[in-house]
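Examining the three-dimensional arrangement
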Amino acid sequence: MSSCGGPWMQRMGSCHARTRGRCRAAFAKPERMRIAFAHNLRRALTWRRPRPDIYRSGEDMFKLLADNIAQLAWIAEPDGRMSWYNKRWLEFSGTTQEQMRKLGWEHVHHPDHLDRVRQKVQRHLQTGEPWKDLVAQRRSDGVYRWFLSHAFPLRDETGRILKWFGTNTDITEQLALEEELRASDRRKSEFISVLAHELRNPMAPLWNSLEILQRFPAQDEKQVRALAVAERQVRHMAKLLDDLLDISRVGTGKLHIEREPCDAAGIASQVVGDFAGVFATRGVALEGTGLDRPCRVLGDASRITQALSNLLSNAVKFTPKGGRVRVRVGRSEGQVEIAVSDSGRGIAAEMLPTLFQPFRTHMDRESLKEGGLGLGLPLVKHLVEAQGGTVEARSEGCGRGAEFILRLPAAAPGGQAAEPARPLPAYASAEI
Ligand SMILES: Nc1ncnc2c1ncn2[C@@H]1O[C@H](COP(=O)(O)OP(=O)(O)OP(=O)(O)O)[C@@H](O)[C@H]1O
Ligand SMILES: [Mg+2]
């Protein structure tokens, strides 16, 4: 069967009846393939199938396409007046072209959203910017469905807008699914929160008992070691539970942040002091740069301490004996930078993009050995972003160390932030 008017892929294997013999001969020899290809291409470009009636004019073709796409489609004039709706729109809303022209698009939109949509329409008509919005539209049975509405201006060669062409895509099911996902994420966060609380309760009596035991002189070396192990493990458990609690608070939007002007250098120097013992024990050098000059930041001192502590505990964990870690505080472009760099094992390029996602530790055997949950970096990110800042991770690759840079708004002399605090981001905050 002739296929020269059909899709090109088909044509490569089956030629027009008149050329079939020549094609076969051409395919037999590779050098002839090029000639056959050119021949077929020429035929494809010149051959015309007798057109059925529906293709008579470009307008027919457009109508056929517009009426058969899955979306509700429409055309508006440059002043925003709607001048045409496709068949799906009319079927969906149970109206006719004339009714829609007379009553306007407002007739089928949810009354609660009308003012907002009208204002947005006006803005787009003035600026000529492509349109995108989420709108609720009434079906013929009175039920409202959610549509993702897009429109683009069609312009002439001088840039003047001739028409707006728009489509509305029904995304009601997707939105319901997203809501379900968000609800299940909230339930998960609540579960983690209850679990962490319950597990945290026995920690206080454990601490007290340990303290009492440590007051008595140890009988022998074994007892000293056992007490040290118990203390280390209880401390570790307390940190894991605190992180779990905080991450669940992030998920439920309950993480508490209080911003006021404070000294980033002072905070960093205190944290460096707190970690001096751990670093000495692990044989890793810890240095500070710029910690002796005050550097005013607008943030929550205890949350900055928490973020920096997480970075330092990572740095010491992933830097082998003999390595060094540097904490640097300084100003850059109206922001305060607190950077922690290490000479440790580094981070593979493919790990960098997902580093701040929770529970990534399972990707990494070394980290698993260290007993982390993979919550430190996600917490750092949320803590810093909740204060209007950012965090960046850099590494040249495995074995080449890593650097984490916190950037927070510098406090202006009056104590105000250079930029307002952003709302606390939740894990499942995707909105259309
Ligand atoms: N300084 C670093 N050098 C190399 N890898 C790092 C460094 N900091 C973090 N990572 C990698 O990023 C992963 C995630 O870090 P994160 O702090 O979130 O979790 P963790 O330290 O494993 O556990 P947790 O902080 O919950 O105790 C780590 O497991 C490790 O693979
Ligand atoms: Mg960590």
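Details of the structure are given in the entry above.
Remember, predicted model here, so these are calculated numbers, not experimental data.

**Things to note about empty space enclosed by the protein**
Applying the stated criterion to the full structure yields one cavity of 30 Å³ or more. For the largest cavity, the calculated volume is near 250 Å³. Lining the largest cavity are 17 residues, and of these Trp74, Met82, Trp105, Val121 and Trp131 sit closest to its centre. Secondary-structure elements contributing two or more residues to the lining of the largest cavity are strand 1 (72–76), helix 7 (114–127), strand 3 (131–138), strand 4 (144–155) and strand 5 (161–170).

**Points about the side chain of aspartate 246**
Assignment of secondary structure puts aspartate 246 in helix 10 (residues 221–251). Engagement of the side chain of aspartate 246 in a polar contact is seen with the side chain of arginine 303, the distance being 3.4 Å. In contact with aspartate 246, other than residues within four places in its own chain, are Leu255, Arg303, Gln306 and Leu379.

**Concerning the sheet that holds strand 2 (residues 82–85)**
Reading across the sheet, the five strands line up as 2-1-5-4-3 and stay open at both edges, with antiparallel pairing between neighbours. Since the sheet does not close on itself, it has two edges, and those belong to strand 2 and strand 3, each with one partner. When strand polarity is set aside, the average angle formed by the axes of neighbouring strands in this sheet is 30°. Bridge count between strand 4 and strand 5: nine bridges; the pairing is antiparallel. Note on strand 5: the bridge partner recorded for serine 149 is asparagine 168.

**With respect to the nonpolar core**
Within soluble globular proteins, side chains that are nonpolar generally end up buried alongside one another. In this structure, Leu312, Val329, Val336, Ile338, Val340, Phe404 and Leu406 are the most contacted members of the largest nonpolar core, which totals 49 residues. No other element matches helix 11 (residues 264–282), which puts eight residues into this core. Mapping this core onto the domain boundaries places at least three of its residues in each of domain 3 (182–251) and domain 4 (260–409). Contact partners of leucine 406, with chain neighbours within four places excluded, come to Ala307, Leu311, Val336, Glu337, Ile338, Val380, Val384, Thr390 and Val391. Trp74, Leu90, Met100 and Ile161 belong to the second-largest nonpolar core, a separate cluster that totals 20 residues.

**Some remarks on the packing of helix 8 (residues 172–200) against helix 10**
Running from amino to carboxyl end, helix 8 crosses helix 10 at an angle of 150°, the nearest separation of the two axes being 8 Å. Our classification of the angle between helix 8 and helix 10 gives roughly antiparallel. For the crossing formed where helix 8 meets helix 10, the hand is left-handed. Residue-level contacts link Ser189, Ile192, Ser193, Ala196, His197, Leu199 and Arg200 of helix 8 to Ala238, Leu241, Asp242, Leu244, Leu245, Ser248 and Gly251 of helix 10.

**Brief notes about the environment of aspartate 170**
Structurally, aspartate 170 can be placed in strand 5. Residues in contact with aspartate 170, not counting those within four places in the same chain, are Arg145, Trp146 and Phe147. Here arginine 145 takes part through its side chain, which lies 2.9 Å from a polar atom of the side chain of aspartate 170.

**Focus on the pattern of salt bridges**
Across all of its chains, the model carries 26 salt bridges by this definition. The salt bridge involving glutamate 77 is made with lysine 163; its shortest N-O contact spans 2.8 Å. Within this pair, whereas glutamate 77 is found in the loop between strand 1 and strand 2, its partner lysine 163 is found in strand 5, the two being separated by 86 residues in sequence. With a relative accessible area of 31%, lysine 163 lands in the partly exposed category.

**Regarding the environment of aspartate 141**
Mapped onto the elements of the fold, aspartate 141 is located in the loop between strand 3 and strand 4. It is 8.2 Å that separates the C-alpha atoms of aspartate 141 and glycine 94, two residues lying 47 residues apart in sequence. At 2.9 Å, the side chain of aspartate 141 and the side chain of arginine 139 are in polar contact. A polar contact of 3.1 Å, which involves the side chain of aspartate 141, links it to the backbone nitrogen of valine 143.

**Quick notes on the sheet that holds strand 7 (residues 285–289)**
Overall, mixed pairing links the five strands, which are arranged 7-9-10-12-11 in an open sheet. The sheet terminates laterally at strand 7 and strand 11 (390–394), the two strands that pair on one side only. Between one strand axis and the next, the sheet turns through 15° on average, direction left out of account. Sheet analysis places strand 11 next to strand 12 (residues 402–409), joined by five bridges and oriented antiparallel. Residue valine 391 lies in a different strand from strand 12, and its bridge partner there is leucine 406.

About the cut-offs
The residue numbering used here restarts from 1 in each chain and proceeds along that chain's sequence as written. Lettering for chains starts from A, numbering for ligands starts from 1, and both go in the order in which the items are written. At least 70 in pLDDT is required for a residue's local features to be given in this predicted model, at least 80 for side-chain atom pairs to be given and counted, and no such filter applies to totals for whole chains, interfaces and linings, which use all residues. The basis for every side-chain value is the complete set of heavy atoms in the structure, and neither hydrogens nor water enter the calculation. Both cavities and pockets are sets of points on a 1 Å grid over the protein atoms alone; in a cavity a 1.4 Å probe fits but cannot get out, in a pocket the set is open with protein on both sides within 12 Å along at least five of seven lines, and lining residues sit with an atom within 4 Å of a point. Grid points are joined across faces, edges and corners, and a volume is the space filled by probe spheres set on the points. Starting at the N terminus, helices and strands are each numbered in turn, a helix being any DSSP run of H or I of at least four residues and a strand any DSSP run of E of at least two. Between N or O atoms, a polar contact is any pair within 3.5 Å; within protein, one atom must be a potential hydrogen donor and the other a potential acceptor, and residues adjacent in sequence are included only when both atoms are from side chains. Should any heavy atoms of two residues lie within 4.5 Å, those residues are counted as being in contact. Here, strands pair whenever DSSP counts at least two bridges between them. Axis angles are defined between N-to-C directions and span 0 to 180 degrees, where every axis is a line fitted to C-alpha atoms and, for a helix, only to the segment in contact. Nine residue types can take part in a nonpolar core, namely buried Ala, Val, Leu, Ile, Met, Phe, Trp, Tyr and Cys, and a core is a set of them joined through side-chain atoms within 4.5 Å. A simple rule labels every residue: compare its accessible area, found with a 1.4 Å probe on the protein chains alone, to the largest value its type can have, and call it buried under 20%, exposed over 50%, or partly exposed in between. Those domain boundaries reflect an automatic or database domain assignment. Comment on the angle field: the value is read as roughly parallel under 35 degrees, roughly antiparallel over 145, roughly perpendicular from 65 to 115, and oblique elsewhere. Left-handed describes a crossing whose near helix is turned anticlockwise from the far helix through less than a right angle; right-handed describes the clockwise counterpart. Whenever a carboxyl oxygen of Asp or Glu lies within 4 Å of a side-chain nitrogen of Lys or Arg, that contact is scored as a salt bridge.

By themselves, these observations are geometric and do not establish any function.
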